[in-house]
Each structure stands twice: as C-alpha cells, then as structure tokens.
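These are the residues of each chain, in order.
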Amino acid sequence: MGQIAIHHGSIDKVQRNWIEEAISQGLLRAVVCTSSLDLGVDFKPVDCVIQIGSAKGIARFMQRAGRSGHSPFETSKMYAVPTHSLQLIEVAAVKEAVKQHEIEARQPYVLTYDILVQFLVTLAVGEGFKPEETYAFIKQIHAFHYLTKEEFDWCIHFITQGGNTLKSYEEFHKVVLEEDGFYRVKSRRIAMNHRMNIGVIVSEVMLFVKFFSGGYLGMVEENFISKLNKGDAFVLGGKVVEIQQIKDMTVLVKRSKKKKAITPSWMGGRLPLTSGLTHFLRLKLSDALTPNNREQELKFLYPLLKRQETNSHIPRHDEFLIEMIETKEGFHLFVYPFEGRLVHEIMASLIAYRISQIKKLTFTIAMNDYGFELLSDQEIPLTEENMNAVFSKENLIKDVTASINASEMASRKFRDIAVVAGLVIQTQPGKRKTNKSLQSSSGLLFRVLNDYEPSNLLLKQAYNEVFDYELEKVRLQAAFQRISKSKIILKKASNFTPLSFPLKVDSLRGTMSNEDLSKRIVRIQKQALK
C-alpha cells in the first residue's frame, strides 16, 4: 500500500471512494488532487494544504485552506507554491482580501425555464398540481422571483401542448388537465421516461476534429470551438487548420495557409481569476513599487516589477496598460485588463474585430489571467487617436455578437436545456443516446424554434445563458466601464516585458516548431534581457 495517492474527477469510483476513506483513516500521508476535493467530500481534517499555483479566487482559497485545521481551537495552515513569479502578487491579493473579510458574490442562475418545466412534470407524475397554488409557491424561490404569470402559463402550455410550434406532435403532450382541476401525467410511458431522465447536471463535451477530405486530427473542447466562425483558423496537433463546418459533434476542417491562428483553450483554463480577486490584484500591483512596502511577496518581486516599470509601465489602479512590441515574428499588441482568462478570451476576439474594422488583419490570439495578446504579420493600426474608440463601452454586446459565433454557442447550450426540459430523451430502457445523437436532435429543434417561434422561452434561456455565463456579459460590461474611467497608457516597448513574457510563452505552446519549447523560452528570455 502506498502512502501517496492521486485524486481527480476521472478516476474509477471504487478507487476514488477508497482514497477518500483512506484520508479519513489516516492511511495516506499525502494526496495530490485537483479541485475534486474542494466540495462535496467529507473527511477528517488534514495537517496542511499545499496550493500549487494560484487558487484564482478568494472563496476557493478559503475553502481549500479550511480542509486543514478543521477542528475546534485549531488554525488552518496552507502553503502557496507559485508556478511563476507573478503569482506572488495573487498570493498578496488573497491575503489582503481575507484580512478585509472580502469574498466574491456568486451570480445565481435565474429564470431557468428548463428546470421549471421539469419540476412541473415531476409534480404531474406524482399527485399532480394546481396552477394557482404552484405559481404562488414557485414565486417564493429566488430563481423565479421575477417569473410573470404569462411566463408560467407558457410553461403550462408547453408541457400540455408542446408550445405553439410542437403542438402537432403528441409526444410533447405530456401533462393533462383533469376534471378535479389537477394537472397530471396519464401516460405510463411518459412517466417512466421522465423518471429515468430526471436531473439537471450535464457533462462537458469534446468534439472530434476531422479533415474534410478524410482523416482524424484530434479533439477539442466544445466551449472553445463553438465561439469560432466558418473560415477561422486554429492550431491543433501542430497544424494550422481552418473551420469548414461544425456538424453535430464533429468539426470538419481543411489545412490553412494562414500565418496566424487561434490557440485553443482547454478546461484547465476554466478556473480564471475571480472578479473579487482581480480587484485586489490591481490594487497590489498599483502599490508594488511603493517605498517601504513590507509585504514579503512584493519585496521579493521588486526587481522584476522595477524592470517592468523601467521598460514599460506598471498600471496604477486607475490606469489601463497597452503594450506594442515589434519582433521578427510580427507586430504584438499586449493588453492588460487583469479580469481573468474567460473575460480576456471574449475581449480579445472583440478587440480583434474592432481593429479589423479599421484595417483587415489576421491575428493569432493568446490570453492568460492578466491580459491577452494579438499578433499580426502587419502593423496594427492602434494609435493614441483611435484607442479610446477601440476600447469603448459603446455597442459592446452588438460587437461581441459580431466577433463570435453566438448562434452556434446558443445551439450547444440549447442541447443541455432541451435535455433538462425533456424535449429530447437521453436515456430510455436498455439504451442511452450519444452526445452526437442529442446534438442532432436538439439542433434540429433549435433551428425550427429559431425560425418559427423565436419567442420560445427555452430558446430565450439559451441565448441569455450564453451571454450571462459563457460570455461573462455582466463582468465584461463592468470591465469596459472601468476602462472608460481609466487613463489608457499606450507604451511601445523594444522587447518583451515581465508582464508580456508569460503571455508569449502561452502562445508558444500551441505552435509547431522543431525547437524544444524550453529552449525557445530561454532564447526569448535572453532577448528580453538585452
């Protein structure tokens, strides 16, 4: 029996249960884990927690630290081991946030019509329900506090008639109004299918990438690929390919001669800096060069941050930094909103779109939690005169919609909503539909509703959730609001700076080269130190 175990969400259930039990019994000396041990697992306190890299959030940091010293009169103990120097600023930011008793607010899901539809059918499968009593009860729930009577009536119409578009299909006539005034499910088949498919948790999906002419290239995350439009180029397996078509769960591509392409983002990047932590991070960075700063993390980073200030600039809390650098690769635009990876992913596409309205350019895009990079083989037409317009908060959502494939994203989101609402049946006796089959069925429904019933609430929910949660609409708007009030600092640097260097390294990971990645990093590092 070993003394160290590895725990993550994909390991066998039997092995996972054994590891959790072994932790409780003290049989293991250490467990290397992902966020799989953050929540939902009950075991005795551990001696200490070692956080590799940044926790990326205040609440996440406190939750993980609380795994140790979880007994009366004991103190939680957590060691932070940064994976690169700048993460020391994140450590300082977390410490300051905890000291001020600040923690992120969670954005709750509201008006989730798919869950409401499933709940109503569940009541109808049981003893049934009366609409007036049920509506009064549902209004007490925060998620449905703003539910109107018209919307509730639409849900009733949907489960009894299938809505305006699907009313001709009996399979969507699930619930019947009986003489006693109760809505009930009378069909044994419908009741059985509902019981087998009840639940609201949907899994992440990977899409196959194949050449249009034949041949398998690899797999990519649906969340990344659904944002791209036909003709967009991205890097996979060391090859630059161009999207021709997204069909069900397959991305059909062809080889591209484009010099610039987008580097895919993966699930590992889905734990970005939270809004609460980015606020404190900007404050700490702003005060980093303050004389007599006694914080250990910032004292350690002083030489690096001093170099950033000398070669470019350190943005204060009321400033917004943009760097332009020209190298043999081309023209680099580095932007530092400090808003987290997911916001930067959308912001990068948006800024690339706005710049392309000034001059047609093709960009390679890379991002991390501090900022993003746009790289082009032509000079980027960003100047002191037009930069306020490029980073304007005006027409924000309109330009975001134009810069990404919002319709494809909504179609993918609709698949999950359709499963929860019972529009498509995932599990039947003796068989279970594949993700490809689910996407095919729900995609057809999505297109039909888009064309013939655009007011359908489930369709409306799909678009709302794409903008609110996948495109981070609220946080994106707040970021541009902050930028509009900040002083924009445009700096032209002679080489990569301490802030731009990690971004450059991230972009290298997705490119093909005969040179080893570590050697390429060392070479760029030497150039930056000249």
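The structure this text deals with has already been given above.
Source: prediction; values computed, not measured.

1. Points about the overall build of the chain
Next, step 1: Looking only at helices and strands, the chain features 19 helices and 18 strands.
Next, step 2: The buried share of the chain, reckoned over its 530 residues, is 51%.
Next, step 3: Carbon and sulfur atoms provide 52% of the accessible area of the chain, an area that totals close to 27,500 Å².

2. Quick word on the packing of aromatic side chains
Next, step 1: Taken as a whole, this structure holds 13 aromatic pairs when the rule is applied.
Next, step 2: Residues Y169 and F172 carry aromatic rings whose centres are separated by 6.5 Å and whose planes lie at 85° to one another, so their mutual orientation is edge-to-face.
Next, step 3: Accessibility expressed as a relative area gives 10% for F172, which makes it buried.
Next, step 4: These aromatic residues form a ring-pair network of at least three members: Y336, F338 and Y370.

3. A short note on the sheet that holds strand β15 (residues 372-376)
Next, step 1: Pairing is mixed in the open sheet, where five strands are placed in the order β14-β15-β13-β12-β18. Only two strands of the sheet have a single neighbouring strand rather than two, namely β14 (364-367) and β18 (487-493). Taking the axes of each pair of neighbouring strands and ignoring which way they run, one obtains an average angle of 15° across the sheet.
Next, step 2: Looking at chain direction, strand β13 (residues 330-336) and β15 are connected through five bridges and run antiparallel. Considered in β15, the bridge of V335 is made with F372.
Next, step 3: On the sheet, helix α11 (residues 341-358) packs against β13, β14 and β15 and is oriented at approximately 35° with respect to β15.

4. A closer look at the packing of helix α4 (residues 113-125) against helix α7 (residues 188-197)
Next, step 1: The contact between α4 and α7 brings their axes to 10 Å, and the two run at 130°. It follows that α4 is oblique to α7 by the angle criterion. The crossing of α4 and α7 is left-handed. Note on element contacts: α7 touches α4 through A191, H194, R195 and N197, opposite Q118, V121, T122 and V125.
Next, step 2: A class-by-class count of the residues in the contact of α4 with α7 yields three nonpolar, four polar and one charged.

5. A word on the sheet that holds strand β10 (residues 239-247)
Next, step 1: Pairing is mixed in the open sheet, where five strands are placed in the order β8-β7-β11-β10-β9. In this open sheet, the two strands that pair with only one neighbour each are β8 (216-221) and β9 (233-236). Across the sheet, the axes of successive neighbouring strands diverge by a mean angle of 45°, strand direction being ignored.
Next, step 2: The pairing of strand β7 (residues 206-211) with strand β11 (residues 250-255) spans four bridges and is classified as parallel. For F211, the partnering residue across the bridge sits in β11 and is V253.

6. Focus on the pattern of salt bridges
Next, step 1: Counted by the stated rule, this structure contains 20 salt bridges.
Next, step 2: The closest approach of N and O atoms between D416 and R415, which form a salt bridge, is 3.5 Å.
Next, step 3: Under the relative-accessibility criterion, D416 is labelled buried at 16%.
Next, step 4: Within this structure, E96, K99, K284 and E295 form a network of salt bridges that share partners.

7. Considerations on helix α14 (residues 406-421)
The periodicity of an α-helix, 3.6 residues per turn, causes residues three or four places apart in sequence to face the same way.
Next, step 1: For α14, spanning 16 residues, the distance from its first C-alpha to its last is 22 Å, which sits close to the expected 22 Å at 1.5 Å a residue.
Next, step 2: Counted residue by residue, α14 has 15 buried out of 16 residues, so it is predominantly covered.
Next, step 3: G422 sits one or two residues past α14 and shows a positive phi near 85°.

8. With respect to unusual backbone geometry
Next, step 1: Phi is positive for K56, which is not a glycine, with a value near 70°.
Next, step 2: Among the secondary structure elements, K56 is positioned in the loop between β3 (49-52) and α2 (58-65).
Next, step 3: The backbone phi angle of N395 is positive, close to 55°, even though this residue is not glycine.
Next, step 4: With respect to the helices and strands, N395 occurs in the loop between α12 (387-390) and α13 (396-403).

9. Focus: the nonpolar core
Next, step 1: F234, L374 and L382 are the most contacted members of the largest nonpolar core, which has 97 residues in total.
Next, step 2: What L382 contacts, discounting residues up to four positions off in sequence, is I322, M324, L333, M387, V390, F391 and L490.

10. Some remarks on the side chain of S403
Next, step 1: Topologically, S403 is positioned in helix α13.
Next, step 2: Residue S403 is classed as buried on the basis of its relative accessible area, which comes to 14%.
Next, step 3: Within the structure, the side chain of S403 is placed 2.9 Å from the backbone oxygen of V400, a separation counted as a polar contact.
Next, step 4: Ignoring anything within four residues of it in the chain, the contact list for S403 reads N229, S349, L350 and Y353.

11. Quick word on helix α1 (residues 13-25)
Next, step 1: Between its terminal C-alpha atoms α1 stretches 18 Å, which fits the 18 Å expected from 13 residues at 1.5 Å a residue.
Next, step 2: Those residues of α1 that fall on the buried side of the exposure criterion are I19, E20, A22, I23 and S24.
Next, step 3: Contacts from the buried residues of α1 go to β1 (4-7) and β2 (30-33).
Next, step 4: Directly beyond the C-terminal end of α1, a positive phi value near 75° is found at G26.

12. Some words on the pairing of β11
Regular strands place side chains that alternate from one sheet face to the opposite one.
Next, step 1: Bridge count for β10 against β11 is six bridges, and the pairing is antiparallel. If you follow E242 over to β11, its bridge partner there is K254.
Next, step 2: The antiparallel hairpin formed by β10 and β11 contains two residues in its connecting segment, where D248 sits at a positive phi of about 55°.

13. Some details on the environment of D114
Next, step 1: In this structure, D114 sits in helix α4.
Next, step 2: Sequence separation between D114 and L457 is 343 residues; the distance between their C-alpha atoms is 8.8 Å.

14. Things to note about the packing of α4 against helix α5 (residues 131-138)
Next, step 1: Two elements in contact, α4 and α5, have axes separated by 13 Å at closest approach and are oriented at 135°. In terms of orientation, α4 and α5 fall into the oblique class. Taken as a pair, α4 and α5 cross one another with a handedness that is right-handed. In contact with L116, F119, L120 and L123 of α4, α5 contributes T134, F137 and I138.
Next, step 2: Class assignment of the residues belonging to the contact of α4 with α5 gives a composition of six nonpolar, one polar and no charged.

Conventions used here
- Residues numbered from 1 in each chain as written.
- Predicted model: local features only at pLDDT ≥ 70, side-chain atom pairs only at ≥ 80, totals over all residues.
- Heavy atoms only, no water.
- Helix = DSSP H or I, 4+ residues; strand = E, 2+ residues; numbered from the N terminus.
- Buried < 20%, exposed > 50% of the residue type's maximum accessible area, 1.4 Å probe, protein only.
- Areas by Shrake-Rupley, 256 points an atom, 1.4 Å probe, with all protein chains shown as cover.
- Phe/Tyr/Trp six-rings, centres within 6.5 Å; stacked < 30°, edge-to-face > 60°.
- Pairing = 2+ DSSP bridges.
- Axes fitted to C-alpha atoms, helices over the stretch in contact; angles between N-to-C directions.
- Contact = heavy atoms within 4.5 Å.
- Parallel < 35°, antiparallel > 145°, perpendicular 65-115°, else oblique.
- Left-handed = near helix turned anticlockwise from the far one by under 90°.
- Nonpolar A, V, L, I, M, F, W, Y, C, P; charged D, E, K, R; others polar.
- Salt bridge = Lys/Arg side-chain N within 4 Å of Asp/Glu carboxyl O.
- Expected span 1.5 Å × (residues − 1).
- Core = buried A, V, L, I, M, F, W, Y, C linked by side-chain atoms within 4.5 Å.
- Polar contact = N/O pair within 3.5 Å; in protein donor to acceptor, adjacent residues only side chain to side chain.

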